[in-house]
Each structure stands twice: as structure tokens, then as C-alpha cells.
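# Examining the three-dimensional arrangement
Below are the chains, spelled out letter by letter.
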Amino acid sequence: MVLNYIWVAFFLIAFVVAAVKLVFFGDYDVFPAMMDSTFSSSKTAFEISLGLTGVLSLWLGVMKIGEQGGVVNALARLLSPVFAKLFPDIPKGHPVTGSIFMNIAANMLGLDNAATPLGLKAMEQMQELNPRKDTASNPMIMFLVLNTSGLTLIPVSIMVYRAQLGAAQPTDIFIPLLLATFFSTLAGIVVTSLFQRINLLNRTMLLTLGGACVLVAAIIWTFAQMDGETMNRVSTTVANILLMTIITGFILAGVRKRINVYDAFIEGAKDGFSTAVRIIPYLVAILVGIGVFRASGAMALLIHAMRSAVEVAHLDAQWVDAMPTALMKPLSGSGARGMMVDAMTTYGADSFVGRLSSIFQGSTDTTFYILAVYFGSVGVTKTRHAVACGLLADLAGIVAAIVICYLFFG
């Protein structure tokens, strides 16, 4: 229901803004631009779904090998103490916990192509446990928020963009970005736990969250000792080695269990095409709404209003120039990437705005895209508090990014 209101709001606000621009400012290009956006966004949605088909088939096939080889069940048993607290509605030792872990690990390593199929697999398994098939369950919402909060340990693509755009030290945003994305994820867990009345003040969760803090600190310290070129090379190599290790490990586990790994792969891969087709309508809907909102000039108007409010309060407003990236990120990953590149091109990659845009890009994920894809893949239409929790995690990431950027570069 929340998503319905947001989708309608995109169109109504866009229409009002466009009408005002036409009547009062004689902007005859605004409505053609909005219509062009609807067609281009629809095409983009289809291309995204089509592009996912091969990757979905690959990873759903690999996951099927992992299931039959016993790897997923082993991960489920290992993680059951933590997941029993964080996902209390999932039966202890259920295979979905292994899928959730694999998805989160892929996200942390910046392996988007692997994370999405693994996430869709986890969502399908949670849907099997869901008594109300059209309504998001508590585990589904917690899982979605963990994805939208965008916890990433190796933001390789952002550092590459910074290098291409002339940053003297492309990796100087690495530590600030890690801190911002960590606070976003932590806020997402806390907020969702409050909605779902999950008690985080227990020995297991305190040790887990405390251990996560120590791990993040250790990773930050390790990479801080490297120069930029070494950091990029090591992070990329580690991510790819881990990815290949997962695939090989699953296959070896299948061989050890004496299953036909090729047939298991084919069985899982067959679901890739049908899953990609199922998400097309949901992607078309959300991307068209976002495209119309942006093409109407409503996004630019929002930024202008924000700047005026900050200046009236006599506060430093240089962070406002980076806000298009932050506001676009929950709506569109490619749109936010374009905003980030535009900010670095306009103000300079090493400017405060350029660095803050980079941190915004990596501190959260595309909330509405993830919501449309994950819930759409299993036919969930009633999202309950998923949107609110996801956006609050995004807000925490934005605030943390601004504060941290001022501490490091202000």
C-alpha cells in the first residue's frame, strides 16, 4: 500500500510541476521530455530484466548445487544462533539462512551480479514460509533492509570512477564510505527490530554486532596502510578469488555427496528465465515513475528548496550540491551514478561535493529497485513497514555521510 501511494505521488507531483513550468514559464519541452522518459524507462526496465537472465541462471544453478551438496544447510546450522535472534520467524537451521548469508556476503564484497540472484533465491525460500503470500513477512522485511542499507566493504567501482575523473587519490573516500555504510546498516537493523519488536540486547546479538564493528575497524586499518593502486588491486583480487572459491567449493561439495552436479546446475538454472520475466512489470512500474519525476524537474526543485532552507538558517550549504546523488540513490542506481559523475565533473573529483557524492553513492543502495525486484519476484504486493525501514536506513546513511565527510574533508 505504501508503494502504491509513493508511485501515485511520483506522477501527480511530476504533472503539477510540469504544468506550472508550461503555464507560467512557457516550457514547452517539459511534457515531451516526460513522455520520452516513460518510453526510455520502460525500455531500461526490460533491458535490466533481460540482462539478469544469464546471471540469474548461473547463480540459481550454483545455489542448487550448494543445496544438494549440503553447503547451504551447513551454513544454516553455523549461522542459526545469530539468525534465530535477527529472524525469529525462520525455523532454526532452515536452508534460507545459508542463502541470506551468501547474499549479504556478496553485497559486502561489491559483487552485485552475484548478490541479486542469491537474494531472489532467499526471497523465494522465505515466501515458502510466509502464511500470507501477498504480504511481506517480518523476515522478508529485515532481509530487504539489510540489502537496501548497502553494506559494502570493497567499493571498487566508485574508486574506478574517481580515478577516471582525475582524483589525485581515488581511494581517499574508502574509509569515510565504510563508516557511512556501516552506520546505515546498523540503523536499518535497529529500526526494523523496533518495528518487529526484536530484542537486540542479548549476548548473541551484542557479540555479533560488536564483532562486526571490530571487523570493519580491522579492514579499515588494513586498507589504510596501502597506497591507492595496491588497494584497488588487492580489493578486486580478493573479491574475485572469494567468488571463484564459492563456485568451486559448491561443485566439490556436490561431487563429495555424489550428486550429478551438471544436472543439479541445469535444474536450478531453469528458474533464471522465469524469475527474470516475473520481475519485468514491477521494474517497469517503478522505473517509469522515477523517470517521470526526474524529467519533470521536480528533483531539481526539491534541491533548490533544500538549499534555500539551509541558507536561511545561515548554515554551510556546500553539501546540498551533492544531494542529487543521495536523493536519486534510493530510486535508481544508474541515475545516482550519473549524478555522482556529474558532481565530480562539475565541481572536481577532489572537491568536497565530489567526495561527498562518492560517499553517498556507496553508503546506501537502491531501495525502490530492490523492493520492486525482490518482492515482485514472489508476488508480494503489501510491503507493510519495509519502505519506511529502508528509507530510514537510507536517511541514516545520508546523515552519516555528511558528518563523516566534514570530519575528513571539511
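Values in this document were obtained by computation on a predicted structure and should not be read as measured data. (Residues numbered from 1 in each chain as written. Predicted model: local features only at pLDDT ≥ 70, side-chain atom pairs only at ≥ 80, totals over all residues. Heavy atoms only, no water.)

## What to know about the overall build of the protein
To be explicit about the condition: Secondary structure follows DSSP: runs of H or I at least 4 residues long count as helices, runs of E at least 2 residues long count as strands, and numbering of each begins at the N terminus. Our radius of gyration looks at C-alpha atoms and nothing else; its globule reference is 2.2 Å times the residue count to the power 0.38. In this scheme, a residue with accessible area under 20% of its type's maximum is buried, one over 50% is exposed, and one in between is partly exposed, where area comes from a 1.4 Å probe on protein chains only.
Assigned secondary structure in the protein consists of 18 helices and 0 strands. For the protein, whose C-alpha radius of gyration is 22 Å, the value lies close to the compact-globule estimate of 22 Å for 410 residues. For the protein, the C-alpha atoms occupy an extent of roughly 70 × 45 × 40 Å along the three principal directions. Put simply, the protein has 410 residues, and 52% of those count as buried.

## A few points about the environment of G254
Defined as follows: Throughout, a contact is declared for two residues whenever any of their heavy atoms are within 4.5 Å.
If you trace the backbone, G254 turns up in helix α10 (residues 228-256). Since its relative accessible area comes to 0%, G254 is described here as buried. If we skip the residues at most four places from it in the chain, G254 touches G69, I259 and V261.

## Digging into the nonpolar core
Our working definition: Grouping buried Ala, Val, Leu, Ile, Met, Phe, Trp, Tyr and Cys residues that are joined through side-chain atoms within 4.5 Å yields what is termed a nonpolar core.
In this structure, F87, I100, M126 and F375 are the most contacted members of the largest nonpolar core, which totals 58 residues. Take this core: its biggest share by element is 9 residues, from helix α17 (residues 367-378). Leave out the neighbours within four places in its chain, and I100 touches F83, F87, I90, A122, M126 and F143. Residues I158, I219, V353 and F360 belong to the second largest nonpolar core, which totals 37 residues.

## Side note on the confidence of the model for the protein
Short version of the rule: For every residue, the predictor assigns a confidence score, pLDDT, that lies between 0 and 100.
Scored by pLDDT, the protein has a mean of 84; 95% of the residues are at 70 or more. Within the protein, helix α7 (residues 156-164) has the poorest average pLDDT of any element, 75, and helix α6 (residues 138-148) the best, 92.

## With respect to the packing of helix α4 (residues 96-108) against α6
Selection rule: A fitted line through C-alpha atoms serves as each axis, taken over the contacting stretch for helices, and the angle formed by two N-to-C directions is quoted from 0 to 180°. Roughly parallel here means an angle under 35 degrees, roughly antiparallel means over 145, roughly perpendicular means 65 to 115, and every remaining angle is called oblique. Helix crossings get a hand from a simple test, with the near helix turned counterclockwise from the far one by less than a right angle marking a left-handed crossing and a clockwise turn marking a right-handed one. In the scheme used here, Gly and all other residues not listed as nonpolar or charged are polar, with Ala, Val, Leu, Ile, Met, Phe, Trp, Tyr, Cys and Pro taken as nonpolar and Asp, Glu, Lys and Arg as charged.
At their nearest, the axes of α4 and α6 sit 10 Å apart, and the two run at 15° to each other. In this view, α4 runs roughly parallel relative to α6, as classed from their interaxial angle. Regarding α4 and α6, the two cross each other, and that crossing is left-handed. Along the contact surface, α4 presents I100, N103, I104 and N107, while α6 presents F143, L146 and N147. Grouping the constituent residues of the contact of α4 with α6 by class yields 4 nonpolar, 3 polar and no charged.

## Some thoughts on the packing of helix α2 (residues 30-69) against helix α3 (residues 71-86)
The interhelical angle for the contact between α2 and α3, taken along N-to-C directions, is 70°, at an axis separation of 4 Å. Of the possible angle classes, the one that applies to α2 and α3 is roughly perpendicular. On α3, the residues that touch M63, G66, E67 and G69 of α2 are V71, V72 and N73. When grouped by side-chain class, the residues that make up the contact of α2 with α3 number 3 nonpolar, 3 polar and 1 charged.

## Comments concerning helix α16 (residues 352-363)
Because each turn of an α-helix spans 3.6 residues, side chains separated by three or four positions in sequence point in the same direction. The test is simple: Each residue after the first adds 1.5 Å to the expected span of a helix.
Its 12 residues give α16 an end-to-end C-alpha distance of 16 Å, which sits within 8% of 16 Å, the value for a rise of 1.5 Å per residue. A large share of α16 lies buried, amounting to 12 of its 12 residues. Of the residues making up α16, those classed as buried are F352, V353, G354, R355, L356, S357, S358, I359, F360, Q361, G362 and S363.

## Concerning the packing of aromatic side chains
Note the threshold: Here is the rule: rings of Phe, Tyr and Trp (six-membered ring for Trp) pair when centre to centre is within 6.5 Å. Planes less than 30 degrees apart are stacked, more than 60 are edge-to-face, and the remainder are tilted.
With the rule as written, the count across this model stands at 9 aromatic pairs. Ring centres of F143 and Y374 lie 5.9 Å apart, and the angle between their planes is 10°; this geometry places the pair in the stacked category. Of the two residues, F143 sits in helix α6 while Y374 sits in helix α17, which places them 231 residues apart along the sequence. Assessed through its relative accessible area of 0%, F143 is described here as buried. Where F352 meets Y406, the ring centres are 4.6 Å apart and the plane angle is 50°; that geometry is what we call tilted. With F352 in helix α16 and Y406 in helix α18 (residues 386-409), the pair connects residues that are 54 residues apart, well separated along the chain. Classification of F352 as buried rests on a relative accessible area of 9%. Taking relative accessible area as the criterion, Y406 reaches 27% and is therefore assigned partly exposed.

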